[in-house]
Amino acid sequence: MKTKRNKSTRRRVDKDRVTDNARDQASTGKMDWLRLPSNVEAWAPTQPGTVKMDIVPYEVSSENHPDRIEKGCLWYKLPFAVHRDVGIDSKNIVCPQSVDDKVPCPICAKRKLLLKDYDDNVEQIKELNPQKWVLYNMLDPKNPGGNMFVFAFSRGKFAATLEAELLEGDEGDLSFYDVTKEGRTLSVRFSKDSFAGTDFITAKRIDFKRREELDEDDVLGRVADLDKCLVVLSVDQVTRMFDGGEASPSSSESESSTRKRRSRDPEPDPEPDPEPEPEADEDKTECETARDRQEQPDEPEEEFDPVAAPSDEGDEDDDLFI
Ligand SMILES: [Zn+2]
C-alpha cells in the first residue's frame, strides 16, 4: 500500500496548473493494456447518454509525470500514447516515451525520420502515429463509498472536451477533481459520432455540479496509482517487436502482471490520425471540440449508472470495457 498521508500534508497543485495543462494537450488515442489493482475496475461508456461521475485525485508517484506534476502532489489524470499494430502479433503498446520523456521510443524515432520526407512516407507515418489516451480514477456519485473505477478513454473523445470546459468555464470548477467541497460532479453527455463509417461514443458536453465533500482518507486510500496502471515495455522489447522479429513478450514480467485485459484487441480507433505531428494539432483539436459542442445533436438525455454499465463481452461493437 502507498504511504498514508493526512489532509494537512497532501500537496495540491495551483489551480493555474489545471488550465495550463488543459491548454497543452493534443489529440486522440486508443488504449490497449491496463494493469489495475484488484480493488479497481475499468470503465468506459458504451452507449449514448448522460453519465454523472466524480473524477478523484491520486498521489503522483512518478518522478517524471507527463503533465509535469511533482511526485507526491494530488493530480487527476495520466495522459499517455499508444502505438497500434506493432510487430507480427499486431499488438497495441504504450509508447514508452509518452509516460517518461527520458526514455527514447524506437517507433517515435522512426516516425521522426520519416517525417523528413513526409510526402513519400505519408502512409507509413500514419501507421506509426501514436494515439493519445488518458486515465482517470472515478467514483459513482450515487455511491461514492462503492467501487472505484479507472476511466480509460481516447483523449479526443473525453479529455479534449473536458479541457475545453476547464479553459472556458468557471474558475470555481478547476478543483473539480478534489475530494473537498471544491470538487464537482461531472455530468457528461456522451453521444454517438462516426468517422469513416465507424460509429463511436464521444463526450459532447460536460457540466459541473456542486457536490458534497468526499471522505478524503477513504478515497485516497482506494484510488489506483495511475502511474502504475500501464504495462510499459522496455525499449529493447519495443525495438524487437517493432523490428518484426519477435512476438509480444508474453512470458515477461510485464505481460504476466497485466490484469483485466480485454479478451480481444480493441476495434480500430475511428478517429483521424494526427498529422504530421500529433503535437501540432492542439488548436485544431480544441476548435473541433468547440464545433462539436455547438452542433448539439439530438441525443436523448438518458442517465445510466456507471456501475450498471454492461460488463459482458457479448457485443463487440458496443463493449468498450477493457
Ligand atoms: Zn512512441
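With that settled, the discussion passes to the overall build of the chain. The number of helices and strands found in the chain is 9 helices and 11 strands. Counting across all 322 residues of the chain, residues that qualify as buried make up 42%.

What follows is about the pairing of strand β11 (residues 198-210). Where strand β10 (residues 184-195) lies against β11, 12 bridges are found, and the strand directions are antiparallel. Looking across to β11, one finds that Ser194 is bridged to Asp199.

The biggest cluster of nonpolar side chains holds 72 residues, and the ones touching the most others in it are Ile55, Val56, Val94, Val150, Phe151, Ala152 and Ala224. Ignoring anything within four residues of it in the chain, the contact list for Ala224 reads Leu36, Pro37, Val40, Tyr58, Asn137, Met148, Val150 and Cys229.

This part takes up the pairing of strand β7 (residues 91-94). It is a general feature of regular strands that their side chains alternate between the two faces of the sheet. Here 3 bridges tie strand β6 (residues 78-86) to β7, and the two strands are oriented antiparallel to one another. Of the residues in β7, the one forming a bridge with Val82 is Val94. Connecting the antiparallel pair β6 and β7 is a turn made up of 4 residues, with Gly87 showing a positive phi of about 75°.

A separate point is helix α5 (residues 159-168). Among the 10 residues that make up α5, 8 are buried, leaving the element largely enclosed by the rest of the structure. Those residues of α5 not exposed but buried are Ala159, Ala160, Thr161, Leu162, Glu163, Ala164, Glu165 and Leu166.

The subject of this paragraph is unusual backbone geometry. The phi dihedral of Arg68 is positive, around 60°, even though this residue is not glycine. Locating Arg68 in the fold gives a position in the loop between β4 (58-59) and β5 (73-75). With a phi close to 50°, Ala196 is a non-glycine residue in the positive phi region. Here Ala196 is to be found in the loop between β10 and β11.

Time to look at the packing of helix α3 (residues 106-115) against helix α4 (residues 118-128). α4 packs onto α3 with a crossing angle of 160° between their chain directions and a minimal axis gap of 8 Å. Classified by the angle between their axes, α3 and α4 sit roughly antiparallel to one another. Remark: the crossing between α3 and α4 carries left-handed chirality. Residues Ile107, Lys110, Arg111, Leu114 and Leu115 of α3 lie in contact with α4, whose contacting residues are Tyr118, Asn121, Gln124, Ile125 and Leu128.

What the 3 strands build is an open sheet, ordered β1-β5-β4; its pairing is mixed. Edge positions in the open sheet fall to β1 (11-12) and β4, since each of these has one partner strand only. Where β1 lies against β5, 2 bridges are found, and the strand directions are parallel. When the bridges of β5 are listed, Arg12 appears paired with Leu74.

A separate point is the environment of Pro45. Here Pro45 shows up in the loop between β2 (40-43) and β3 (49-56). Pro45 sits in the buried class, given 23 other C-beta atoms within 10 Å. C-alpha separation for the pair Pro45 and Thr202, spaced 157 residues apart in sequence, amounts to 8.7 Å.

Chain-level pLDDT for the chain is 77 on average; 68% of the residues reach the 70-or-more range. Between the elements of the chain, mean pLDDT differs from a low of 34, seen in helix α9 (residues 282-295), to a high of 98, seen in β4. Below pLDDT 50 for its whole length, residues 23-30 participates in 45 contacts with residues either more than four positions away or in separate chains. Low pLDDT, under 50, characterises residues 250-322; the stretch is placed with 115 contacts to residues that sit more than four places away or in other chains.

What counts, and at which threshold
Residues numbered from 1 in each chain as written. Predicted model: local features only at pLDDT ≥ 70, side-chain atom pairs only at ≥ 80, totals over all residues. Helix = DSSP H or I, 4+ residues; strand = E, 2+ residues; numbered from the N terminus. Buried ≥ 20, exposed ≤ 12 C-beta atoms within 10 Å, placed from the backbone. Pairing = 2+ DSSP bridges. Core = buried A, V, L, I, M, F, W, Y, C linked by C-beta atoms within 7 Å. Contact = placed C-beta atoms within 7 Å. Axes fitted to C-alpha atoms, helices over the stretch in contact; angles between N-to-C directions. Parallel < 35°, antiparallel > 145°, perpendicular 65-115°, else oblique. Left-handed = near helix turned anticlockwise from the far one by under 90°. pLDDT = per-residue confidence, 0-100.

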